[in-house]
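# Structural features, examined
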Amino acid sequence: MPSGSDRGVAANPAPPTMAKVRVRFARRGRMRFASHRDVARSFERAVRRAALPVAHSHGFSPRPRLSWANPAPTGAASEAEYVEIGLTCPVAPPGLASALDAVLPEGIDVLEAIEIPLGAPALAELINASRWRLELPGVRPDELAAAVTALMAVGELVVERATKDGRRRVDVRAALVRVTFDEAITNEVIVDGPQPGVDGVVGHSDAARCAIMTAVVRQTIPAVRPDDVLAALVAVAGLRPPVPPMATRLAQGLLDDRGRLADPFGADRVTTSTGPAWSGAQPAPAVSDQHDAAS
Amino acid sequence: MESVFSALEPLLPRVAKPVQYIGGELNSTTKDWGEAAVRWALMYPDAYEVGLPNQGLMILYELLNEQPDVLAERAYAVWPDLEALMREHRVPHFTVEAHRPLDAFDVLGVSFATELCYTNLLTALDLAGIPLRAADRGDEHPLVVAGGHAVFNPEPIADFIDAAVLGDGEQAVLDITDMLRRGTQRTVGRAEVLTRLADIDGVYVPAFYNVSYRPDGHIESIVPNTSVAPERVTKRTTVDLDEWPYPKRPLVPMAETVHERMSVEIFRGCTRGCRFCQAGMITRPVRERSLAGIGEMVERGLEASGFTEVGLLSLSSADHSEIAEITKGLADRYEGTHTTLSLPSTRVDAFNIDLANEISRNGRRSGLTFAPEGGSERIRRVINKMVSEEDLIRTVSAAFAHGWRQVKLYFMCGLPTETDEDVLAIAGVAHRVIKAGRAASGRNDVRCTISIGGFVPKPHTPFQWAAQCDPDTVDDRLRKLRAAINTDRRLGRNIGMRYHDGKPALIEGLLSRGDRRVGRVIERVWRAGGRFDGWSEHFDYQHWTDAAAAELEPLGVSLAWFTTRARLKDEVLPWRHLDSGLDPDWLWDDWQDALAAREQDDCRWTPCFDCGVCPSTGTDIQVGPSGTVLIPLTPVSVAGD
């Protein structure tokens, strides 16, 4: 290895991390097709463009200190992605959120930022499940309900998925905590949702033929993805959506014993949301008028 | 104009890397369709990951969108997985910003850096519903205008394009836009627009020229068939780069691409005179961007993009007359900001270790890359790449002594007059690099990677008359070279060798020096499924040899006739009517000098040798030094504190 003085970086030792901010952001519309690596790169550029005092790793190739928790798979939209940013000096979270949001591509939208103590538990310890909404254009709600009921009735349902490391097997049934589906939500989303082409969530012209389900899925290793849930519905009930369904992660958090998710920011939140409101994809509360297919 | 995104979106979950089709790049522009007087679709006919960073397209895109009444959107080739789904679901080829169908635009501008993208042009036209042949297009179809280095001989695609722009595009696209403001093919008719196009400097309209052939297959003549078409079309030359500081706001992709950096073209043109190098011949003369202009572009571009790397681009970046001031100025300015500099094209003899230290001061130290191009001193004189082996060894020794651990060396195989010995000399160079590196660094683990490309003779170079080496000979020489590298295992194990087989180079040769008859071969290959010929996993040699046999042999010519045959001085070359500024007699004399292994100097530092460019283009060599320095900037924190 070259001596330290040769390498340039040693002359500018990276300042240490003095503060940490957690950011919740959404991946909307076309940006659902970005991979986690794509999103990570755009954040690395955004923190530079926003001139945030981001801490860097030490060594030969210093990298900005951004740590990620459980990114949604490519193709799925999300209202609940999380990243933790290490800073060399404290920055007020609302200002950081709006500065970052202003320089990120449209569709990667910062929703909220909070400061956390340096010794706070890792994000991963605050998240063990996700709530997903799956929209199935061209599928009747009663077809979907029947398929879900069949799936929840079995004790185990293993699906296989091809990954770049070979084939992986996951038990979808074991990871599924609860599923709700409601025609009222279907109509509400179709009628009040954002414009087609802007967010890409809706745009299915035939409201009656779009079934929607909301599923709480426990984080497992390997993770059960929305695609796996659909594969399970195909396997158990022969459900065959005519067009690719659309998945949106609505929330992440810690499961309580009633199958609800505790907000990872709950304990540390001191400010309110700074991101743009987006009525169509606010996490739907598990209200009593929904039909629980299982628990 | 309606977006086709709602039709495209359901297909995207089923294809690889869908992010490349969604647009939304930082610094991209979407304008109101109805308010634009002239609408350009700019296409790079290769994969998004290669096309997005292309400087030429980015410059024209920004330049056109700066015009209030002009709309420009971009398109890239779609991979075969999406192509199949688009055909099945009848989704037309689209632009990435607003997903508008290509056939709705006034102009489809296609940039060809390489001839191996020609089949992708046909895919795009067909997917867009635009007739493949210009003669079949009506007033409702876009004008298909080609540009880029490859179109200095556009004859193989002459039937598929309406026009080609020779040389620098900045002013030409504005001239074409002006002409279309007065009327597009939709308002004044296609014939009228083609006539007006032919009247613009640097614009070649193939339909206005007749090519006739002799019974032996040679071209007899190329003559205009209308008075509006000039005898020869002369290339455009952008004289003052400082007047064109583009890109100002570089596109930043979501998807991963081959280059993710703020690129600044620090000069255009090169007078080193490497005889194989088409770029060096057709972009003359040298025009430097000023130190202040470079500094301002870097500053604005980094601010607008968030990139962490600055690329100082040119054909031979260390040759800028103020390269030391540029690199030191930028390294000072961006000290402590994790911003790295790169000099992608660097000559051994113009490179020194101070320069190397400046470019790596603020960041990672990647490998060093040099291009001696020829293994023996003799072949380097033939190609006029005057780099001595002592220079190379001295430079790499200094680099290894200063902490570098790896050098990459580029060579070519199949050069005119080349023998086995010239190629085997590469092994000796690599062995000496390893020995020198070990001695300089005191370590055993230094690495040298030899990267070898097959030589393709190109139009408008002294080698335009040369016989291309056949692929079997190239492959055989490279096998012998590999064996020679490994004769000494203690050295050979530290030497990597990368090369492709010689077959794609032969097809590139056909497309580079072909005439209009080669268009039928391209179309036949495309109909047989040929796509992405620049990608080894997609390239199908058999398609090309079959198509060449079927289409060319009935005409009395062949793949070999176009490639491995040497041309005589009086032969009418297919690009005779296209003027790159170089004097044909000078080119021929330089070819004779090459055959005699006589080198030629660089006219930046020695007297003019009358290549013909400066008088014919009304320009002159522009080199510094200006004697100025870059003033360091203090980084300002916007959101902090």
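Definitions and limits used
- Residues numbered from 1 in each chain as written.
- Chains lettered and ligands numbered in written order.
- Predicted model: local features only at pLDDT ≥ 70, side-chain atom pairs only at ≥ 80, totals over all residues.
- Heavy atoms only, no water.
- Helix = DSSP H or I, 4+ residues; strand = E, 2+ residues; numbered from the N terminus.
- Contact = heavy atoms within 4.5 Å.
- pLDDT = per-residue confidence, 0-100.
- Buried area = accessible area lost by both parts, 1.4 Å probe.
- Salt bridge = Lys/Arg side-chain N within 4 Å of Asp/Glu carboxyl O.
- Polar contact = N/O pair within 3.5 Å; in protein donor to acceptor, adjacent residues only side chain to side chain.
- Nonpolar A, V, L, I, M, F, W, Y, C, P; charged D, E, K, R; others polar.
- Axes fitted to C-alpha atoms, helices over the stretch in contact; angles between N-to-C directions.
- Left-handed = near helix turned anticlockwise from the far one by under 90°.
- Core = buried A, V, L, I, M, F, W, Y, C linked by side-chain atoms within 4.5 Å.
- Buried < 20%, exposed > 50% of the residue type's maximum accessible area, 1.4 Å probe, protein only.
- Domains from an automatic or database assignment.
- Expected span 1.5 Å × (residues − 1).
- Arc of directions from axis to C-beta.
- Pairing = 2+ DSSP bridges.
- 1 Å grid on protein atoms, 1.4 Å probe; cavity = no way out; pocket = protein on both sides within 12 Å on 5 of 7 lines; lining within 4 Å.
- Points joined across faces, edges and corners; volume = space filled by probe spheres on them.
- Patch = residues over 30% accessible without salt bridge, like charges linked within 9 Å, V, L, I, M, F, W, Y side chains within 5 Å.
- Areas by Shrake-Rupley, 256 points an atom, 1.4 Å probe, with all protein chains shown as cover.
- Lys, Arg positive; Asp, Glu negative; His and termini not counted.
- Charge placed at Lys NZ, Arg CZ, Asp CG, Glu CD.

## Details of the overall build of chain A
A tally of helices and strands in chain A yields six helices and 12 strands. Expressed as a percentage of contacts within chain A between residues at least 6 apart in sequence, the contacts between residues at least 24 apart total 81%.

## Some details on the confidence of the model for chain B
Detailed reading of predicted coordinates is not advised where the pLDDT is low. Across chain B, the average pLDDT comes to 93, with 97% of residues at 70 or higher. Here residues 634-641 of chain B is modelled with pLDDT under 50, and outside its nearest four sequence neighbours on either side it reaches 16 contacts, counting other chains as well.

## Considerations on the interface of chain A and chain B
Listed per partner, the contact involves 38 residues of chain A and 48 residues of chain B. Carbon and sulfur atoms supply 55% of the area buried between chain A and chain B, which totals about 3200 Å² over both sides. The interface formed by chain A and chain B contains five salt bridges. Inspection of the region where chain A meets chain B yields 16 residue pairs in polar contact (both at pLDDT 80 or more). Elements supplying a minimum of two residues to the side of chain A that touches chain B: helix H1 (36-49) and helix H2 (93-103) of chain A. In terms of residue count, H1(A) provides more of the side of chain A that touches chain B than any other element does, eight residues in total. A per-class count over the side of chain A that touches chain B returns 21 nonpolar, seven polar and 10 charged.

## Here's the deal with the packing of helix H10 (residues 291-305) of chain B against helix H11 (residues 323-333) of chain B
All names here are of chain B. At a minimum axis distance of 11 Å, the contact between H10 and H11 shows a crossing angle of 35°. The two elements H10 and H11 meet at a crossing, and its hand is right-handed. On the side of H10, the interface is formed by Leu291, Ile294, Gly295, Val298 and Glu299, while H11 contributes Glu325, Ile326, Leu330 and Arg333. Grouping the amino acids of the contact of H10 with H11 by side-chain chemistry returns five nonpolar, one polar and three charged.

## Here we look at the nonpolar core
Counting 175 residues, the largest nonpolar core has A:Leu100, B:Trp40, B:Phe112, B:Ile176 and B:Leu197 as its most contacted members. Ignoring any residue separated from it by four or fewer positions in sequence, one finds B:Trp40 in contact with B:Leu64, B:Val70, B:Leu71, B:Ala72, B:Glu73, B:Phe105, B:Val107, B:Val173, B:Ile176 and B:Thr177. By size, the runner-up hydrophobic cluster in this structure holds 35 residues, among which are B:Val407, B:Val423, B:Ala427 and B:Cys469.

## Examining the domain arrangement of chain A
All names here are of chain A. Once the domains are mapped, chain A shows domain 1 (9-125) and domain 2 (127-269). Taken together, the contact pairs 27 residues of domain 1 with 22 residues of domain 2. Between domain 1 and domain 2 lies a buried interface of about 1800 Å² when both sides are counted; carbon and sulfur atoms form 56% of it. For the pair domain 1 and domain 2, the interface holds one salt bridge. Measuring nitrogen to oxygen at the nearest pair gives 2.7 Å for the salt bridge that ties Arg249 to Glu81. Where domain 1 meets domain 2, there are nine residue pairs in polar contact (both at pLDDT 80 or more). Among the secondary structure elements, those contributing two or more residues to the side of domain 1 that touches domain 2 are strand E1 (19-27), strand E3 (77-87) and strand E4 (108-116). With six residues, the single largest contributor to the side of domain 1 that touches domain 2 is E3. Class assignment for the residues of the side of domain 1 that touches domain 2 results in 14 nonpolar, three polar and 10 charged.

## Some thoughts on unusual backbone geometry
Across residues other than glycine, the phi torsion is negative in most instances, and most of the peptide bonds are trans. A:Pro222 follows A:Ile221 through a cis peptide bond whose omega is -5°. Structurally, the position occupied by A:Pro222 is in the loop between strand E9 (210-218) and helix H6 (226-237). A cis amide bond, omega -5°, links B:Arg284 with the succeeding residue B:Pro285. Here B:Pro285 lies in the loop between helix H9 (278-282) and strand E12 (287-288). Even without a glycine there, the phi angle at B:Arg90 is positive, about 55°. At B:His460, a position not held by glycine, the phi torsion is positive, near 65°. Note that B:His460 resides in the loop between strand E17 (447-454) and helix H16 (471-485). Its relative accessible area of 3% is what places B:His460 among the buried residues.

## Here's the deal with helix H20 (residues 541-552) of chain B
Residues and elements named next belong to chain B. In this model H20 runs 16 Å from its N-terminal to its C-terminal C-alpha over 12 residues, within 8% of the 16 Å that 1.5 Å per residue would give. Listed as buried for H20 are Trp544, Ala547, Ala548, Glu551 and Leu552. Along the axis of H20, the buried positions cluster into a sector of 105°, meaning they face one direction only. Among the structural elements, helix H5 (118-128), helix H18 (503-513), helix H19 (518-527) and helix H21 (559-563) are those in contact with the buried residues of H20.

## Observations regarding the sheet that holds strand E6 (residues 203-204) of chain B
Residues and elements named next belong to chain B. Reading across from one edge, E2-E1-E3-E4-E5-E6 is the order of the six strands in this open sheet, with mixed pairing throughout. Of all strands in the sheet, those bounded by a partner on one side alone are strand E2 (70-76) and E6. Note that strand E3 (residues 107-111) and strand E4 (residues 143-147) share five bridges and pair parallel. In the sheet register, Val107 faces E4, and the bridge partner there is Leu143.

## Notes on the sheet that holds strand E15 (residues 368-373) of chain B
All names here are of chain B. Read from one edge of the open sheet, four strands run E15-E16-E17-E18, paired in parallel fashion. Strands with a single pairing partner mark the edges of an open sheet, and in this sheet they are E15 and strand E18 (495-499). Neighbour-to-neighbour, the strand axes of the sheet open up by a mean angle of 20°, direction not taken into account. Bridge analysis of E17 against E18 gives five bridges, and the strand direction is parallel. Residue pairing for E18: Ser451 is matched across the bridge by Arg498. Strands strand E16 (406-413), E17 and E18 of the sheet are contacted by helix H15 (residues 420-441), whose axis makes an angle of about 160° with E17.

## Regarding the layout of surface pockets
Residue and element names in this part refer to chain A. The space that makes up the second largest pocket amounts to roughly 1500 Å³. Surrounding the second largest pocket, 47 residues form its lining, Ala72, Pro73, Thr74, Arg161 and Arg225 being those nearest its centre. Counting only elements with at least two residues in the lining of the second largest pocket, the list comes to H1, strand E5 (129-137), strand E6 (158-163), E9, H6 and strand E10 (246-255). Residues belonging to the lining of the second largest pocket are distributed by class as follows: 24 nonpolar, nine polar and 14 charged. Mapped onto the domain boundaries, the lining of the second largest pocket takes at least three residues apiece from domain 1 (9-125) and domain 2 (127-269).

## Remarks on a negative patch on the surface
Residue and element names in this part refer to chain B. Taken together, the side chains of Asp583, Asp585, Asp589 and Asp610 make up a negatively charged region of the molecular surface. Of note, Asp610 is situated in the loop between helix H22 (584-595) and helix H23 (613-617). Exposure remark for Asp610: the relative accessible area of 56% places this residue in the exposed category.

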